[in-house]
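Structural characterization, general
Letter by letter, the chains look like this.
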Amino acid sequence: MIKAESKRLGFLSCGISKAGFLEEEVPRLENWLNKNMQGQMFYMENHFDKRLNPTLLVEGAKSVISLLLNYYPSEFQNQESYKISKYAYGQDYHFVIKEKLKELLHFIQTEIGEVSGRAFVDSAPVLDKAWAAKSGLGWMGKNTNLITQKVGSFYFISELIVDVELEYDAPTTDHCGSCTACIDECPTEAIVAPYVVDGSKCISYFTIELKENIPTEMKGKLDDWMFGCDVCQDVCPWNRFSKPHNEPLFQANPELLSFTKKDWEEITEDVFKKVFKDSAVKRTKLEGLRRNVEFLK
Ligand code: SF4
Ligand code: SF4
């Protein structure tokens, strides 16, 4: 019932796991933090225990319902432009997905009865990819994205953590095989080993998370990305199977798609507000976007 309703709400797929301690993720997270691969994303250092165990995060948690929402666009940016990660073409996904999760929780409460739950979209210490993989929605690829054989990896992952027991799914198998395309093509060599991304070397970190100046040694390496980076997903062979989303709110502003490098270099506050009204790009503010463009020029 939950899976059928999630489809009706527009989710690509839904998988369910028993809530508990994610023991297998402990060494991965420890290693990542010990090597400072979080850079200045200090929030990653907080809530270590809660991050590994959602029952510490949500009282009485019994099940983690993972949901994928496709964002692969049907139209792309002008080729002669600085690049924006495809997930940020449309309206801020946090709001779009939160609304759908609320509806799904309401459905569960109506159908099952007294169920408490919390919705998470990139907003709390939940290892969303690990949960989605555990519930069989895909496998964690060498680029650390969740990959599916059917539709690749261009989707958002979110969760509903609820205090009711449900029927649980089993994980799927890894289909990266001998492929190393993402490792070979990463412009900043941020995929330091299969399944390990050094967050502090990733273009998404430099262009979105980093509050200071982008280190000068990165000059010429950012491959014209001014907000995020899709290279390790674009080169993944499984993304040949990506299909355009049908979420009207993820539709890109036509100006965002048509802008040339010059347009971005000359962008004003008014245009920024218009083009990125309700967009996740607002996170960097105009100031951040200008810093990135200046660095790429
Ligand atoms: S997002 Fe870009 S910079 Fe980051 S790991 Fe992938 S290819 Fe490398
Ligand atoms: S590019 Fe190849 S190695 Fe990287 S995630 Fe995709 S299938 Fe796996």
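Structural notes, computed from the coordinates.

Definitions and cut-offs
Chains are numbered independently. Their residues run from 1 in the order of the written sequence. In the order they appear in the text, chains get letters beginning with A and ligands get numbers beginning with 1. Restriction of local features to residues with pLDDT of at least 70 applies here, the model being predicted, together with a cutoff of 80 or more for giving and counting side-chain atom pairs; totals for whole chains, interfaces and linings are based on all residues. Side-chain numbers here rest on the full set of heavy atoms in the structure, without hydrogens or water. The buried label goes to any residue with under 20% of its type's maximum accessible area, the exposed label to any with over 50%, and the partly exposed label to all in between, with areas taken from a 1.4 Å probe on protein chains only. Note on conventions: DSSP H or I runs of at least 4 residues are helices, E runs of at least 2 residues are strands, and numbering of each starts at the N terminus. Strand pairing follows a simple DSSP-based rule, namely that at least 2 bridges must link the two strands. Here, nonpolar core means buried Ala, Val, Leu, Ile, Met, Phe, Trp, Tyr and Cys residues that are tied together by side-chain atoms lying within 4.5 Å of each other. Note on definitions: a residue-residue contact is assigned when non-hydrogen atoms from the two residues lie within 4.5 Å. Put simply, a salt bridge is a Lys or Arg side-chain nitrogen that is within 4 Å of an Asp or Glu carboxyl oxygen. Each helix should span, by expectation, one fewer than its residue count multiplied by 1.5 Å. Whenever a helix is involved, its axis is fitted only over the stretch in contact; in every case the axis is a line through C-alpha atoms, and angles between N-to-C directions fall within 0 to 180 degrees. The arc in question is formed by the directions pointing from the helix axis toward the C-beta atoms. Of the grid points, spaced at 1 Å and generated over the protein atoms alone, those admitting a 1.4 Å probe that cannot get out make up cavities, while open sets with protein on both sides within 12 Å along at least five of seven lines make up pockets; any residue with an atom within 4 Å of a point is treated as lining. Grid points are joined across faces, edges and corners, and a volume is the space filled by probe spheres set on the points. Residues are grouped as follows: nonpolar covers Ala, Val, Leu, Ile, Met, Phe, Trp, Tyr, Cys and Pro; charged covers Asp, Glu, Lys and Arg; every other residue, Gly included, is treated as polar.

1. Description of the pairing of strand S2 (residues 63-70)
Burial of S2 is extensive: eight of the eight residues sit out of reach of the surface. Across six bridges, strand S1 (residues 13-18) lies against S2 in antiparallel orientation. Across the sheet, residue Cys14 finds its bridge partner in S2, namely Leu67. Where S2 and strand S7 (residues 155-162) come together, eight bridges link them in antiparallel fashion. Each bridged residue has a counterpart across the sheet, and for Val64 the counterpart in S7 is Ile161.

2. As for the nonpolar core
Ranked by size, the top nonpolar core spans 83 residues in total, and within it Ile65, Ile84, Trp264 and Phe276 carry the most contacts. Here Ile84 is in contact with Gln77, Tyr89, Trp225, Met226, Phe227, Leu256, Trp264, Phe276 and Val281, once residues within four sequence places are set aside. Membership of the second largest hydrophobic core comes to eight residues, among which are Leu68, Leu146, Tyr155 and Ile157.

3. Regarding the pattern of salt bridges
In the structure shown here, the tally under the stated rule is 15 salt bridges. For the salt bridge of Arg28 with Glu25, the shortest nitrogen-to-oxygen distance reads 3.0 Å. By relative accessible area, which is 10% here, Glu25 ends up buried. One continuous salt-bridge network, built from bridges that share partners, spans Lys86, Asp230 and Asp234.

4. Looking at helix H12 (residues 285-296)
Given a rise of 1.5 Å per residue, twelve residues ought to cover 16 Å, and the 17 Å separating the end C-alpha atoms of H12 matches this to within 8%. Taken together, the buried positions of H12 are Leu286, Gly288, Leu289, Arg291, Asn292, Val293, Phe295 and Leu296.

5. Some remarks on unusual backbone geometry
Although it is not a glycine, Asp223 adopts a positive phi angle of roughly 55 degrees. Among the secondary structure elements, Asp223 is positioned in the loop between helix H7 (203-209) and strand S10 (225-227). Classification of Asp223 as partly exposed rests on a relative accessible area of 36%. For Lys285, which is not a glycine, the phi torsion comes out positive at approximately 60 degrees. Summarising the element assignment, Lys285 is placed in helix H12.

6. Let's talk about the sheet that holds S2
Read from one edge to the other, the open sheet built from four strands follows the order S1-S2-S7-S4, with strand pairing classed as antiparallel. Looking at strand neighbours, the two that pair on one side only are S1 and strand S4 (117-120), the edges of this open sheet. Between one strand axis and the next, the sheet turns through 20 degrees on average, direction left out of account. Running at roughly 35 degrees to S7, helix H4 (residues 93-112) makes contact with S2, S4 and S7 of the sheet.

7. Regarding helix H2 (residues 26-34)
Among all positions in H2, only Val26, Leu29, Trp32 and Leu33 are buried. All buried residues of H2 lie within an arc of 140 degrees about the axis, which places them on one face of the element.

8. With respect to the layout of surface pockets
Its volume calculated, the second largest pocket comes out at about 240 Å³. Every residue lining the second largest pocket is counted, 15 residues in all, and those nearest its centre are Ser13, Leu137, Thr148, Gln149 and Lys150. Residue classes in the lining of the second largest pocket are distributed as six nonpolar, eight polar and one charged.

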